[in-house]
2 protein chains.
Amino acid sequence: MGASDGDSATWLAGGRHGASRLATLIPTALHGMAAGITERNGPIPSGGPASVAASLAAAGGTKRLPKTGIGAEQALEHYSTLLAAGTADPADPSCAAHLHCPPLAVSVAADVVAAAMNPSMDSWDQAPMASELEAEFLTGIAHLCFPANPTADAVVTSGGTESNLLGLLLARETTASTIRPVCGANSHHSVSRAAWLLGLPAPVVVPCQDDRMIPEALAEALAPLGASAVVVATAGTTNTGRIDPLGEIARICRLSGARLHVDAAYGGLLLCSQSLAPRIAGLELADSVALDMHKFGWQPVAAGLFAARNAADLSALTVRAEYLNADDDTEAGLPDLLGRSIRTSRRPDAFRMAVTVRALGTQGLGALVERCCTTATEVNELVERHPALQSWGKPELSTVVFRPRGADDDLVARVRRTLLEAGTAVIGRGALPTGPDGTSQLWLKLTLLHPHTTAEDYVELLDRVVATAAAERGVPAPQSPVAS
Amino acid sequence: MGASDGDSATWLAGGRHGASRLATLIPTALHGMAAGITERNGPIPSGGPASVAASLAAAGGTKRLPKTGIGAEQALEHYSTLLAAGTADPADPSCAAHLHCPPLAVSVAADVVAAAMNPSMDSWDQAPMASELEAEFLTGIAHLCFPANPTADAVVTSGGTESNLLGLLLARETTASTIRPVCGANSHHSVSRAAWLLGLPAPVVVPCQDDRMIPEALAEALAPLGASAVVVATAGTTNTGRIDPLGEIARICRLSGARLHVDAAYGGLLLCSQSLAPRIAGLELADSVALDMHKFGWQPVAAGLFAARNAADLSALTVRAEYLNADDDTEAGLPDLLGRSIRTSRRPDAFRMAVTVRALGTQGLGALVERCCTTATEVNELVERHPALQSWGKPELSTVVFRPRGADDDLVARVRRTLLEAGTAVIGRGALPTGPDGTSQLWLKLTLLHPHTTAEDYVELLDRVVATAAAERGVPAPQSPVAS
């Protein structure tokens, strides 16, 4: 093979020399990453978008692809430092805005091998063992979601958004009449986006109380629709982590003949915890379920899963492409992978998920889920004890929703942006109908996905929110009840 | 932070200790990978699906997720060995069936940092520098595709399938009447699948000659449709690597007012080679273009790109979610990333693409593309000189299409499966209308994406095809014209 093999920029990750070449280049990337982390020294770079753009420009950003290269080592060192210095790092407890987890090192290490071997999950002859491992892992996931249904099956997706789309798509394909999506006012925006994408009517929106779907309102919405509806319930909302009353919703769906998809992208991994699993009881009654292992599960994005109670429903995804799954090849025993996804080329994301579950066991994962939920409960108690803060309510998962007492929406939004700009904390926000007469009101939120923290790690952050709100209002900050 | 931090299975990849923890775990994964590669000793494990399934079962496969873990080191070593031993490795020249490239080590190394820092590309506060780097890289890609259009823009996708879907989706959203997709008989199956997914009518299929769309036939198909059509042309078909006459197709589309999307998932990176770029001239006249850097580009799956000549067309993807891109945040200067994809959480795949381009330059990438195309031309010459083989035609990209002389379809299919089962070669197949009266006929193909090979690396493989065909027919194998 050619001479260019000598240039480290053209080294291959696979083949006989792959491992040794990765062993040469990865330390350079990690060196840059460590330097960037030291340089950042906080959960996110300070200065906001303008400052980050300026750092890139200063580092030699260009608006054209470079014609000539600078070599592998220099590119790795340079870009890794830049990325790590300019990242919002969820491994810092003060980076707690979104369902954005700090990934486990074991998953990232496993992904190196997946990327180097590069199995593509659209045909067996591109992914022999990767497809076997995926099938085994997905059988386990299907059983986790539907323990009483041996005909359950699961597929890998690019995340909750694709999983919710699959939930609507399978409903569309298994229903003779035009299907109508029905979802709670608390549902993720991807539900209505999926309806739009699939050419379906916009979802009927069912009112919520305390960010949970109201069963009676669902029954009313379903009355004129009957079996031509697909209901999307949520097990862990993005705003508050609330869980819809799944058992009751399933019963109502069954009575009307509607299909039920549960968006458990956030809460689904509670199934790994004996003590928490009862909170999502009823999940096993759904027709399909969305799970994300890049939330609880601590995988790098993306690690989406979609489980179907009846494997036969997945046949809606069947597609034939002579070059990938010819009939005679399938008859000759080559597994047909193409109908396992709406994508064609597909990363073996199941590999790092499977390695992680093998390393920790479901018990180990469940313990990390419990730690996050416990921390959230404790942080909410800190909020409740803090005279300058108001809690929205007790966490059901790991989301703490709160606001500075007496603040209006504008102040709430400014506090969040000020902390972001300062680079000291990354906090989330969400509008909830808690204003007078149920009008929308803005709240702050902490989505706690750090598996090693305790409430103590958030004391300073809460004090910072209070101090910032006071400063924005031009009044002196009250003392922390904890520090005092 | 908690005590569980001491167990390597719960180590985080980010934060202060991330780099050192990855430096501890990744060598274990690479050690397993190297052991697996040695164990395999060929492009793919021998024995076919049954044998791979048996290896997994022998290695302790289970149909339930394990309750208790075995720790990070053991899980990494075990699964990495299994995956590498059981993979179809495109870094082996004899693994040449599909548009399945051997990834560059520099890209895999960069991806470690991306996975560890885990920016999620759906909001700025999850991906400050990653979103800046992506924007810069995509500006470069847009300019590469549409050098004369400063208003061009590009987005990252999960591959050609999603890019083709975006091509149809933007057409649907920018056209008042019901849009009708029109594509060549040579187009990728994802085009009709996208139409199905989007609730559009099935595509009108335009006949091809030599696996290229016939312009006159396109004009005829467009006559009754006019501006309510979106035409999908192909720059590099999956079966043969043929390129549609893009300039002529663009002219016809312009006359009828139809939109034009070019699926250049395979051929798009020819833009990096001065000598080869003219082969896809006319690409810049399209409304949108699909490119895959996990083909030419040597990225691990997925590295899809979608470029739009008019950035404004991408506004069809606009979506508002209060927690990710609230109006007041956008007004306050926080970039709105949500409308850059149909996904929500999204890996920073642009990072490793950008690092690779920085390491090699477009010239360096172009040289690798040239090497593949040259090798394909030379391998086709070997085929033409071989008395027992028939060539389908001269390669336009890097696909060599051939068959044993006098073989029927059944024999062609069996030769491919026999080599696959033996673990000695991974060869592709494709049906082309070359039989009597244009009936479908099965051909073998080599899709050459190995950037370091020369024709010599494929002599033995061609001889093996000939010998296998002879053995299947029960006749002695003719001698190789090269070896003789």
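These numbers come from a predicted model, not from an experiment.

K.L.:
Would you mind going over the interface of chain B and chain A with me for this structure?
P.N.:
Reports of interface size often rely on the accessible area that becomes lost once the parts have come together. Facing the 166 residues of chain B at the interface are 166 residues of chain A. Across the chain B/chain A interface, buried area totals approximately 14,400 Å², and carbon plus sulfur atoms make up 66% of it. The largest share of the area that chain B buries against chain A comes from Y323, R358 and H452 of chain B, three residues that together contribute 6% of it. The leading source of residues in the side of chain B that touches chain A is helix 12 (residues 349-385) of chain B, at 13 residues. Across the side of chain B that touches chain A, the residue classes break down as 92 nonpolar, 46 polar and 28 charged.

K.L.:
I would appreciate a short explanation of the relation of the copies chain B and chain A in the present structure.
P.N.:
With an RMSD of 0.0 Å, the fit of chain B onto chain A corresponds to turning through 180 degrees and sliding 0.0 Å along the axis. Here the symmetry operator amounts to a two-fold rotation axis. A shared interface surface links the copies, since 99% of the contact residues of chain B are contact residues in chain A too.

K.L.:
Explanation requested: the pairing of strand 6 (residues 229-234) of chain B in the structure shown.
P.N.:
Residues and elements named next belong to chain B. Most of strand 6 sits out of view: six of its six residues are buried. The alternating pattern of strand 6 places A229, V231 and A233 on one face and V230, V232 and T234 on the opposite face, and all of these are buried. Direction of pairing for strand 2 (residues 180-184) relative to strand 6: parallel, over a ladder of four bridges. Its bridge partner lying in strand 6, P181 is registered against V230. Sheet topology note: the strand 6/strand 7 (residues 259-264) ladder contains five bridges and is parallel. The partner of V230 across the bridge, within strand 7, is R259. Viewed along the sheet, the connection from strand 6 through helix 9 (residues 246-256) into strand 7 turns out right-handed.

K.L.:
I keep staring at the side chain of R193 of chain A and nothing clicks. Help me out?
P.N.:
With respect to the element layout, R193 of chain A can be found in helix 7 (residues 189-197). No salt bridge is formed by the buried R193 of chain A. Its closest oppositely charged neighbour is D336 of chain B, at 8.6 Å. Within the structure, the side chain of R193 of chain A is placed 2.9 Å from the backbone oxygen of S341 of chain B, a separation counted as a polar contact. Look past the residues within four positions of R193 of chain A in its chain and what remains in contact with it is L317, V319, L338, S341, I342 and R343 of chain B.

K.L.:
How should I be thinking about the packing of aromatic side chains in this particular structure?
P.N.:
Given two aromatic rings, one states the distance between the centres and the angle between the planes to describe the pair. The tally for this structure, following the rule as stated, stands at six aromatic pairs over all chains. Relative to Y79 of chain B, the ring of F351 of chain A has its centre 6.3 Å away and its plane inclined at 70 degrees; by these criteria the two rings are edge-to-face. Highlighted residues: F351 of chain A in helix 12 (residues 349-385) and Y79 of chain B in helix 3 (residues 72-85), drawn from two different chains. In terms of burial, F351 of chain A and Y79 of chain B fall into one category: buried. Seen from their ring centres, Y266 of chain B and F296 of chain B are 5.5 Å apart, and the 45 degrees between their planes marks the pair as tilted. Of this pair, Y266 of chain B sits in the loop between strand 7 and strand 8 (288-292) while F296 of chain B sits in the loop between strand 8 and strand 9 (304-308); the two residues are 30 residues apart in sequence, bridging distant segments of the chain. The exposure classification of Y266 of chain B matches that of F296 of chain B, with both residues buried. Here the guanidinium or amino end of R172 of chain A rests over the ring plane of W196 of chain B, the centre of that ring lying 5.5 Å away.

K.L.:
Hey, could you run me through the side chain of K445 of chain B in this one?
P.N.:
Position of K445 of chain B relative to the elements: it lies in strand 13 (residues 441-447). Engagement of the side chain of K445 of chain B in a polar contact is seen with the backbone oxygen of T238 of chain B, the distance being 2.6 Å. If sequence neighbours within four positions are ignored, K445 of chain B has contacts with Y323 of chain A together with A96, A97, T238, N239, T399, V400, V401, F402, I427, G428 and R429 of chain B.

So, how was this worked out
Residues numbered from 1 in each chain as written. Chains lettered and ligands numbered in written order. Predicted model: local features only at pLDDT ≥ 70, side-chain atom pairs only at ≥ 80, totals over all residues. Heavy atoms only, no water. Contact = heavy atoms within 4.5 Å. Buried area = accessible area lost by both parts, 1.4 Å probe. Helix = DSSP H or I, 4+ residues; strand = E, 2+ residues; numbered from the N terminus. Nonpolar A, V, L, I, M, F, W, Y, C, P; charged D, E, K, R; others polar. Least-squares fit on C-alpha atoms with pLDDT ≥ 70 in both. Buried < 20%, exposed > 50% of the residue type's maximum accessible area, 1.4 Å probe, protein only. Pairing = 2+ DSSP bridges. Right-handed = clockwise from strand over helix to strand, strands pointing away. Lys, Arg positive; Asp, Glu negative; His and termini not counted. Salt bridge = Lys/Arg side-chain N within 4 Å of Asp/Glu carboxyl O. Polar contact = N/O pair within 3.5 Å; in protein donor to acceptor, adjacent residues only side chain to side chain. Phe/Tyr/Trp six-rings, centres within 6.5 Å; stacked < 30°, edge-to-face > 60°. Lys NZ or Arg CZ within 6 Å of the ring centre and 35° of its normal.

That is the geometry; function is a separate question.
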